[in-house]
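Coordinate analysis (summary)
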Amino acid sequence: MIIYTAASVRDLSIDAEQLTGLTFTGHALWYADRGREQAVCLDPHTGETGAVLACPGLDAGLTTLGGCLLYATESSLRLAEPHSGDILREVPTPRPGVPIGGMEAGRDGIWLGWPDSLDLRHASDLRVLATVPAPLGVSGTTVTDRYLAYTDRLGEAITVLDLGTGRNVLQIQVDGRPATSLTWDGLRLWYGDSGNMRLRALDVPGLSTRAD
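These numbers come from a predicted model, not from an experiment. Throughout this description, residue numbers start from 1 for each chain and increase along the sequence as written. Predicted model: local features are reported for residues with pLDDT of at least 70 only, side-chain atom pairs are reported and counted for 80 or more only, and whole-chain, interface and lining totals are derived from all residues. Heavy atoms throughout the structure, all of them, feed into the side-chain values; hydrogens and water do not.

Structural notes on the nonpolar core
When a protein is soluble and globular, its nonpolar side chains tend to lie buried together. So the rule is basically this: Here, nonpolar core refers to any group of buried Ala, Val, Leu, Ile, Met, Phe, Trp, Tyr and Cys residues whose side-chain atoms link them within 4.5 Å. Working definition: with a 1.4 Å probe on protein chains only, accessible area under 20% of the residue-type maximum means buried, over 50% means exposed, and in between means partly exposed. Each helix is a run of H or I in the DSSP string that is no shorter than four residues. Each strand is a run of E no shorter than two, and both are numbered from the N terminus.
Ile158, Ile172 and Leu202 are the most contacted members of the largest nonpolar core, which has 16 residues in total. Elements supplying a minimum of two residues to this core: β16 (147-151), β17 (157-162), β18 (167-174), β19 (179-184) and β20 (189-193). The next biggest cluster of nonpolar side chains, apart from the first, holds 14 residues, and it includes Leu12, Leu29, Leu42 and Met197.

Structural data, given as structure tokens:
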């Protein structure tokens, strides 16, 4: 596994009490604020704040599923319509009593991070499709076409796993700790710098291949 130190190429300040999730919708970033139980839309180019969505009971995680926002409460997963805030679907958490540390919906299903592992689960019924050990726990995760990236609960590094081989291929040491809440915008890897309340973008060799 290669160890790589990355400096951010774009930083956005945010107003949050407790950053617990981050997702990219195709044109905008959304971050989850557990302290205020809300999700906030942010322009990734200007940093300008857009819509604010009330998410009662929000505990952790935020991802985009079918154009809607999925987040976790202490006991369930909730799918919310991003304009009205209406709860479209709510299902019990698949591991009752075990806190979710991150989530990402991708083409193969929904990745859920736990204190001991990452699970890939079917989007319709949450049955387990694959499991990746994570001995230090998970505080954020995202997925590209080929790679799964996650931060552990120490918040000091981002680990990148090759989904084809199942091997960890890269560990990214980052500025701004603890690093939580990951997302991929198709070009750059974004993470939440919870200590300084900033969203930071990284150009990562092998992941970021296009020009801005």
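Back to the text.
Section: the confidence of the model for the chain
Should the pLDDT be low somewhere, the predicted coordinates at that spot are not to be read in detail. Threshold: How sure the predictor is of each residue is captured by pLDDT, a score from 0 to 100.
Put simply, the chain has an average pLDDT of 92, and 97% of its residues get 70 or more. Between the elements of the chain, mean pLDDT differs from a low of 80, seen in strand β1 (residues 2-6), to a high of 98, seen in strand β4 (residues 29-33).

So, the packing of aromatic side chains
Condition: Classification of ring pairs rests on two measures: the distance between centres of Phe, Tyr or Trp rings, Trp counted by its six-membered ring, which must be within 6.5 Å, and the angle between planes, read as stacked under 30 degrees, edge-to-face over 60 and tilted in between. A ring has a charge above it when a Lys NZ or an Arg CZ is no more than 6 Å from the ring centre and no more than 35 degrees off the ring normal.
Overall, the coordinates contain 0 aromatic pairs when judged by the stated rule. The cationic tip of Arg95 hangs over the ring face of Trp114; the distance from NZ or CZ to the ring centre is 4.9 Å.

A closer look at unusual backbone geometry
One non-glycine residue with positive phi stands out, namely Glu37, at about 50°. Take Glu37: it is sitting in the loop between β4 and β5 (38-42). One non-glycine residue, Leu126, adopts positive backbone phi at about 65°. Its location among the elements puts Leu126 in the loop between β13 (117-121) and β14 (128-133). Relative accessible area serves as the criterion here: at 12%, Leu126 is assigned to the buried category.

Thoughts on the sheet that holds β5
Strand pairing in a sheet takes place through backbone hydrogen bonds and is either antiparallel or parallel in direction. Filter applied, for reference: By definition, two strands form a pair when at least two bridges between them are found by DSSP. With axes taken as lines fitted to C-alpha atoms, and helix axes fitted only over the stretch in contact, angles between N-to-C directions fall between 0 and 180 degrees.
If you trace the 4 strands from one edge of the open sheet to the other, you get β3-β4-β5-β6, paired in antiparallel fashion. Because the sheet does not close on itself, it has two edges, and the strands there are β3 (19-24) and β6 (49-54). Averaged over all adjacent pairs, the angle separating strand axes in this sheet is 20°, with direction ignored. Strand direction decides the pairing type here: β5 and β6, joined by 4 bridges, are antiparallel. Its bridge partner being in β6, Val40 is matched across the sheet by Val52.

Quick word on the sheet that holds strand β8 (residues 68-72)
Taken together, the 4 strands give an open sheet; going across it, the order is β7-β8-β9-β10, and neighbouring strands pair in antiparallel fashion. The sheet is open, and its two edges are formed by β7 (60-65) and β10 (87-92), each paired on a single side. Here the strands of the sheet are splayed against their neighbours by 20° on average, with no regard to which way each runs. Strand direction decides the pairing type here: β8 and strand β9 (residues 76-80), joined by 4 bridges, are antiparallel. By the bridge assignment for β9, Leu69 is matched with Ala80.

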